[in-house]
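A look at the structure
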Number of protein chains: 2
Amino acid sequence: MPATDANEHEIPTPPWRKKRPTAPARQPLSQDLIVETAIRVLDAEGLDAVSMRRVAQELNTGPASLYAHVSNKEELLDLMLDQIVAEVELVEPDPERWQEQVKEVMRSAQRVYAAHRDIARASLGTVPTGPNALRIAENQLAIMRVGGVPKRVAALAVDTLGLYLEANSVEDSMYLSKLKDGESPHEYFEQYIGQIRKYFASLPVERFPNIVGMVDYLTDDGGDERFEFGLDIIVRGIASFAESAAGSDSAPGGGSSTGD
Amino acid sequence: MPATDANEHEIPTPPWRKKRPTAPARQPLSQDLIVETAIRVLDAEGLDAVSMRRVAQELNTGPASLYAHVSNKEELLDLMLDQIVAEVELVEPDPERWQEQVKEVMRSAQRVYAAHRDIARASLGTVPTGPNALRIAENQLAIMRVGGVPKRVAALAVDTLGLYLEANSVEDSMYLSKLKDGESPHEYFEQYIGQIRKYFASLPVERFPNIVGMVDYLTDDGGDERFEFGLDIIVRGIASFAESAAGSDSAPGGGSSTGD
DNA sequence: ACCTGAACACCGTTCAAGT
DNA sequence: ACCTGAACACCGTTCAAGT
């Protein structure tokens, strides 16, 4: 018996020493531990699986125990969100590249959301005021300001960018959350898009000439492309308010003197 | 007794005639009736109040009865959404005013969403394929096409516009759904904004120079203004792809020949 | 101060049984 | 075909009681 052989020279535990807690019985509850556990459930099974009861179960306790560290589910979601948003990578503002930089931060945020299932659903409709969300807002403001975007425009643009990011991420996550366990994301997507394409093509041409005539364009977008396009549109729009046209092939606007 | 007096000359119901169904006992269930009832609950108490059980109760029946007319809650929400979206007013495409027209349809949709509490939450993440949603998409495509927007751009822009509308409406409805019964929306908003303003102002200036320096701009947006701004940004962005610069003070872009 | 079991007032959906 | 009662497997949150 090799097992016995390997343990042959081990000193037996003295009987008066209480059973050593090898598996550290249970970590004491804390806000951090709860948030961390909730994120693990999110990543493994999606936002719908994140219930107070489920998180408690994962910590070998009852749901009531969580309320000592988190005032309610909404707060738990806020904390999860800010923890996740900490993964977003920021950039050092460069006046020459401000438009591309706004996009880079947005792309990073998009990837972070995508890496955490449908967490974006919890983000929509909340003004993110956690420290890590503020870090991102501060960075976007800094980038736009060095790019010559007026204060008022930059302030409103942060909001627009956030809304777009969240809406897009929610939509992306929906495709993924809807597929059954066995299905591959790709085949599901193909099949789903195929369905829509057929439906659009079957519509009465008199009433929907544009939809029918543009089926291919309407059902063409492969996720990333769609996000990039909206992003480009929004950044072009912002750039049209910038004072110095430092962008690439962007569209400089009136350049009024109402900015800072 | 005036009551007796008034009924004095009434002919008594013959005992063999079964109790007449004065209050028409109950309308027979139907998909339309269920959707209509659900929208009534939504308008009165918000989306969270719209449960299968609650709608059934409103119709004096049990939740199981609904499943003969609606396959599940998701389908009910889809049906509600398309019914509501029928209220959006469309426009006759005019090449001279296409940018303003895209905005007009968006504003109409925004008002319709706002009139139905937090229904926007149900709209996010679903590709709206109901007949009434398609009517709107068709109209937006038509408007952009006569405005000289290339097919591919128009197709992607419909998506971007939809995402922005939905995200914005969800955010708007959040403020409203959060206020307690007695509270006036205005005073709640004032107090809420005041809180955020104070919090932003209290942040460490070294780490958040832009947020602190732009508190007033960041907490200034009074709902409509915010929506209008994002809308303007997006339409400017779309316009930068248009072939003929028919807009007002917009920013015409490169005008490549890749469009239709 | 922190944790707990039990309870309250809800959910969406299914299913066998009725008409 | 349509409707129903009862059940299943869940929710978030509260509260009195324990340590």
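About the cut-offs
- Residues numbered from 1 in each chain as written.
- Chains lettered and ligands numbered in written order.
- Predicted model: local features only at pLDDT ≥ 70, side-chain atom pairs only at ≥ 80, totals over all residues.
- Heavy atoms only, no water.
- Helix = DSSP H or I, 4+ residues; strand = E, 2+ residues; numbered from the N terminus.
- Buried < 20%, exposed > 50% of the residue type's maximum accessible area, 1.4 Å probe, protein only.
- Contact = heavy atoms within 4.5 Å.
- Areas by Shrake-Rupley, 256 points an atom, 1.4 Å probe, with all protein chains shown as cover.
- UniProt positions renumbered as here; feature names shortened; annotations may be inferred.
- Salt bridge = Lys/Arg side-chain N within 4 Å of Asp/Glu carboxyl O.
- Phe/Tyr/Trp six-rings, centres within 6.5 Å; stacked < 30°, edge-to-face > 60°.
- Core = buried A, V, L, I, M, F, W, Y, C linked by side-chain atoms within 4.5 Å.

A look at the overall build of chain A
Helix and strand content of chain A: twelve helices and zero strands. Taken from N to C terminus, the helices and strands of chain A fall in the order α-α-α-α-α-α-α-α-α-α-α-α. Counting only residues that meet the buried cut, chain A has 47% of its 260 residues in that class. The long-range share in chain A, meaning contacts at least 24 apart out of those at least 6 apart in sequence, stands at 65%. Summed over its atoms, the accessible surface of chain A is roughly 13,700 Å², and 51% of this surface lies on carbon and sulfur atoms.

Let's talk about the UniProt feature "DNA-binding region" (unreviewed entry) in chain A
UniProt's entry tags residues 51-70 of chain A with the feature "DNA-binding region" (unreviewed entry), counted in the numbering of this structure. In this annotation, residues 51-70 of chain A is assigned 35% helix and 0% strand; the end-to-end C-alpha distance for the span is 13 Å.

Re the pattern of salt bridges
Residue and element names in this part refer to chain B. Applying the stated criterion across every chain, the model contains 28 salt bridges over all chains. Among the ionic pairs, Arg-121 bridges to Asp-118, the shortest N-O distance being 2.9 Å. What makes Arg-121 partly exposed here is its relative accessible area of 32%. By relative accessible area, Asp-118 is classed as buried at 5%. A salt bridge links Asp-216 to Arg-197; the shortest N-O distance between them is 3.3 Å.

Quick notes on the packing of aromatic side chains
Applying the stated criterion across every chain yields a total of six aromatic pairs over all chains. When the centroid spacing of 5.7 Å and the interplanar angle of 35 degrees are considered together, the rings of Phe-229 of chain A and Phe-241 of chain B count as tilted. Taken as a pair, Phe-229 of chain A in helix H12 (residues 224-239) and Phe-241 of chain B in the segment after helix H12 (224-239) lie in two separate chains rather than in one. A relative accessible area of 7% means that Phe-229 of chain A is categorised as buried. Centroid distance Tyr-199 of chain B to Phe-200 of chain B: 6.2 Å. Interplanar angle 40 degrees. Geometry classified as tilted.

Here we look at the nonpolar core
In terms of nonpolar packing, the biggest core is built from 153 residues, with Met-80 and Met-144 of chain A together with Met-80 of chain B touching the most fellow members. Looking at this core, the element that brings in the most residues is helix H8 (residues 151-178) of chain A, giving 14 residues. If near-sequence neighbours (up to four positions away) are discounted, Met-80 of chain B is found in contact with Val-35, Ala-38, Ile-39, Leu-42, Val-50 and Ile-119 of chain B.

A closer look at the environment of Met-174 of chain B
Structurally, the position occupied by Met-174 of chain B is in helix H8 (residues 151-178). Since its relative accessible area comes to 18%, Met-174 of chain B is described here as buried. Not counting residues within four places of it along the chain, the set of residues in contact with Met-174 of chain B comprises Leu-124 and Gly-125 of chain A together with Arg-121 of chain B.

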